[in-house]
Amino acid sequence: AKALEFTIRSRYLLNLDTEKAGEVYIGCAGGVDLIAQRSCEIGMDMRPAWLVEVSKLPGGHSGVDIHRNIPNAIKKLAEYLSDKNVGIISMSGGERRNSIPVHAEAVVRTESALRDTEYVSVKPVIRADGVIMDSQKLLDLLIAIPH
């Protein structure tokens, strides 16, 4: 639309975007961007540290593929960690704001023996910093969010 050689003078815009050539969608899946911040207390923790990764999931478009029950790497990571009494040192995941995450990882401290699963790979970490003191609240939030 930015490359059009004429000016559009309208109060309304009809979205006919689609992911498939030769098809027209009338409407949109919609979406919401949420940016939230919360202060976290960082504390010392001398338990063993682990790199926990979820990767190589199929991914997909958050609008077109959301009904296909494609695993979400961020949610899989949070679900894996939620019952292990972890202190989170760092956590990241996702590739684009409109995609189902393919990769997520966290560095955590815990006494629990962490093991690989179908979705998760685990490696010990030699050097790691302090942990977020209320890590479970972050995990509970990630699990509660639907997608």
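Look up a bit, the structure's there.
I will try to describe carefully the structure that is included in this document. All figures in this text were calculated on a predicted structure; none of them were measured in a lab.

### Let's talk about the sheet that holds strand 4 (residues 87–93)
(1) Moving on: Read from one edge to the other, the open sheet built from 4 strands follows the order 4-6-2-7, with strand pairing classed as antiparallel. Edge positions in the open sheet fall to strand 4 and strand 7 (120–125), since each of these has one partner strand only. The average angle at which neighbouring strand axes cross in this sheet is 15 degrees, direction not considered.
(2) Moving on: One ladder, built from 6 bridges, connects strand 2 (residues 49–54) with strand 7; its direction is antiparallel. Note on strand 7: the bridge partner recorded for Val-54 is Val-120.
(3) Moving on: With respect to the sheet, helix 1 (residues 73–81) is in contact with strand 2, strand 4, strand 6 (104–109) and strand 7, its orientation differing from that of strand 6 by roughly 20 degrees.

### Points about the pattern of salt bridges
(1) Moving on: For the structure on display, the rule yields 5 salt bridges.
(2) Moving on: Put simply, Arg-38 and Asp-134 hold a salt bridge, and the shortest N to O gap is 2.7 Å. Of this pair, Arg-38 sits in the segment before strand 1 (42–43) while Asp-134 sits in the loop between strand 8 (131–132) and helix 2 (135–144), and the two are 96 residues apart along the sequence.

### Things to note about the packing of aromatic side chains
In this description, a pair of aromatic rings is defined by centroid distance and the angle of the planes.
(1) Moving on: Summed over all chains, the structure comprises 0 aromatic pairs.
(2) Moving on: Between the NZ or CZ atom of Lys-84 and the centre of the ring of Tyr-80, over which it lies, the distance is 4.2 Å.

### Quick look at the side chain of Thr-110
(1) Moving on: Along the chain, Thr-110 turns up in the loop between strand 6 and strand 7.
(2) Moving on: Classification of Thr-110 as buried rests on a relative accessible area of 1%.
(3) Moving on: Side-chain polar atoms of Thr-110 contact the backbone oxygen of Lys-84, separated by 2.8 Å.
(4) Moving on: A distance of 3.1 Å separates a polar atom in the side chain of Thr-110 from the backbone nitrogen of Ser-112.
(5) Moving on: The contact partners of Thr-110, leaving out residues within four places of it in the chain, are Arg-47, Pro-48, Trp-50, Lys-84, Asn-85 and Val-86.

What counts as what
- Residues numbered from 1 in each chain as written.
- Predicted model: local features only at pLDDT ≥ 70, side-chain atom pairs only at ≥ 80, totals over all residues.
- Heavy atoms only, no water.
- Pairing = 2+ DSSP bridges.
- Helix = DSSP H or I, 4+ residues; strand = E, 2+ residues; numbered from the N terminus.
- Axes fitted to C-alpha atoms, helices over the stretch in contact; angles between N-to-C directions.
- Contact = heavy atoms within 4.5 Å.
- Salt bridge = Lys/Arg side-chain N within 4 Å of Asp/Glu carboxyl O.
- Phe/Tyr/Trp six-rings, centres within 6.5 Å; stacked < 30°, edge-to-face > 60°.
- Lys NZ or Arg CZ within 6 Å of the ring centre and 35° of its normal.
- Buried < 20%, exposed > 50% of the residue type's maximum accessible area, 1.4 Å probe, protein only.
- Polar contact = N/O pair within 3.5 Å; in protein donor to acceptor, adjacent residues only side chain to side chain.

The values reported here are purely geometric and, on their own, carry no functional implication.
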